[in-house]
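Here is how the chains run, residue by residue.
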Amino acid sequence: MPSTRSARDKQLMQLIGIVLVILALGFTAAWFYLQHRERLNSEIAYLTIPEVAISRDGHSIRASFALRTSAADAEWAAASKPALEQVMTKGLMDADPQRTLAPGGLPGLEKTLLAASRAALRTDKVKEVLVTDFLVSEGDL
């Protein structure tokens, strides 16, 4: 009888050891996954919107944009690029050229475009809109 009991005890200890190793591997994998997600959410990604040009009321505006998102949302931003281009075009159509050229005008336009892009796409994944090139000219294109 003693040999059967020690064999059962040995099998039980091996089973407990295997379960502990599996739990340790599971917790380690979960920790690495959470670290990866946190890093993606903290990394910055930019989506560039090519030159947008509008002409109205005797003036023309031409601008290029960069939209800041998290790295985790970079694929979403790339897929949403056509809609974001439309938002930027509408934002330029609504922009007042004199106000935009005044001190503080470009940051105001950037804030307006940020709010418009968040509202149009119903998300806060766009963290910032940056005007990278901006040109206002008298006369139509």
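Calculation criteria
Residues numbered from 1 in each chain as written. Predicted model: local features only at pLDDT ≥ 70, side-chain atom pairs only at ≥ 80, totals over all residues. Heavy atoms only, no water. Helix = DSSP H or I, 4+ residues; strand = E, 2+ residues; numbered from the N terminus. Rg over C-alpha atoms; globule rule 2.2 N^0.38 Å. Buried < 20%, exposed > 50% of the residue type's maximum accessible area, 1.4 Å probe, protein only. Lys, Arg positive; Asp, Glu negative; His and termini not counted. Charge placed at Lys NZ, Arg CZ, Asp CG, Glu CD. Phe/Tyr/Trp six-rings, centres within 6.5 Å; stacked < 30°, edge-to-face > 60°. Core = buried A, V, L, I, M, F, W, Y, C linked by side-chain atoms within 4.5 Å. Contact = heavy atoms within 4.5 Å. Expected span 1.5 Å × (residues − 1). Arc of directions from axis to C-beta. Salt bridge = Lys/Arg side-chain N within 4 Å of Asp/Glu carboxyl O.

### A look at the overall build of the chain
Check the secondary structure of the chain and you find 5 helices and 3 strands. Ordered by position in the sequence, the α and β elements of the chain form the string α-β-β-α-α-α-α-β. Computed over the C-alpha atoms, the radius of gyration of the chain is 28 Å, more than 25% above the 14 Å expected from 2.2 N^0.38 for a compact globule of 141 residues. Referenced to the eigenvectors of the C-alpha coordinate spread, the extents of the chain come out at roughly 105 × 25 × 20 Å. A buried classification covers 26% of the 141 residues belonging to the chain. Counting 16 positive and 16 negative side-chain charges, the chain places the centres of these two groups 14 Å from one another.

### Here's the deal with the packing of aromatic side chains
One pass over the structure, following the stated rule, counts 1 aromatic pair. Ring centres of W31 and F32 lie 5.0 Å apart, and the angle between their planes is 70°; this geometry places the pair in the edge-to-face category. Classification of F32 as exposed rests on a relative accessible area of 52%.

### Describing unusual backbone geometry
Of note in this structure, D57 is not a glycine but carries a positive phi near 50°. Checked against the element boundaries, D57 lands in the loop between strand 1 (44–56) and strand 2 (59–70).

### Overview of the nonpolar core
Judged by nonpolar contacts, the single largest core of 20 residues is most densely connected at I49, F65, L67, M88, L92 and V129. Those elements giving two or more residues to this core turn out to be strand 1, strand 2, helix 3 (81–94), helix 5 (105–121) and strand 3 (128–138). Among all residues touching L92, those that are not within four sequence positions of it are V52, I54, I61, A63, F65, L109 and F134.

### Section: helix 3
Since one α-helical turn is 3.6 residues long, residues separated by three or four positions face the same way. Relative to the 20 Å expected for 14 residues at 1.5 Å per residue, helix 3 spans 20 Å between its end C-alpha atoms, a close match to the ideal helical length. Among the residues of helix 3, L84, V87, M88, G91 and L92 are the ones counted as buried. Around the axis of helix 3, the buried residues are gathered within 135° of arc, so they sit on the same side. Residues P82, Q86, K90 and D94 are exposed on helix 3 and point more than 90 degrees away from its buried face. Its buried side turned inward, helix 3 meets strand 1, strand 2, helix 2 (74–79), helix 5 and strand 3.

### Some words on the environment of I61
Within the secondary structure, I61 sits in strand 2. Contacts of I61, omitting those with residues within four sequence positions, involve V52, A53, I54, L92, A95, P97, F134, L135 and V136.

### A look at the pattern of salt bridges
Pairing between side chains of opposite charge can happen when the charged atoms of each approach one another. Inspection of the entire model under this criterion finds 4 salt bridges. For D57, the salt bridge goes to R56, with nearest N and O atoms at 2.7 Å. Given the relative accessible area of 66%, D57 is considered exposed. Ionic pairing is found between K90 and D94, a salt bridge with its closest N-O pair at 2.8 Å. Of the two residues, K90 and D94 are both situated in helix 3; the distance of 4 residues between them amounts to about one turn of the helix. On the basis of relative accessibility, which here comes to 52%, the residue D94 falls in the exposed class.

### Some words on the environment of V131
Topologically, V131 is positioned in strand 3. Put simply, V131 and L47 are 84 residues apart on the chain and 12 Å apart in space, counted from C-alpha to C-alpha.

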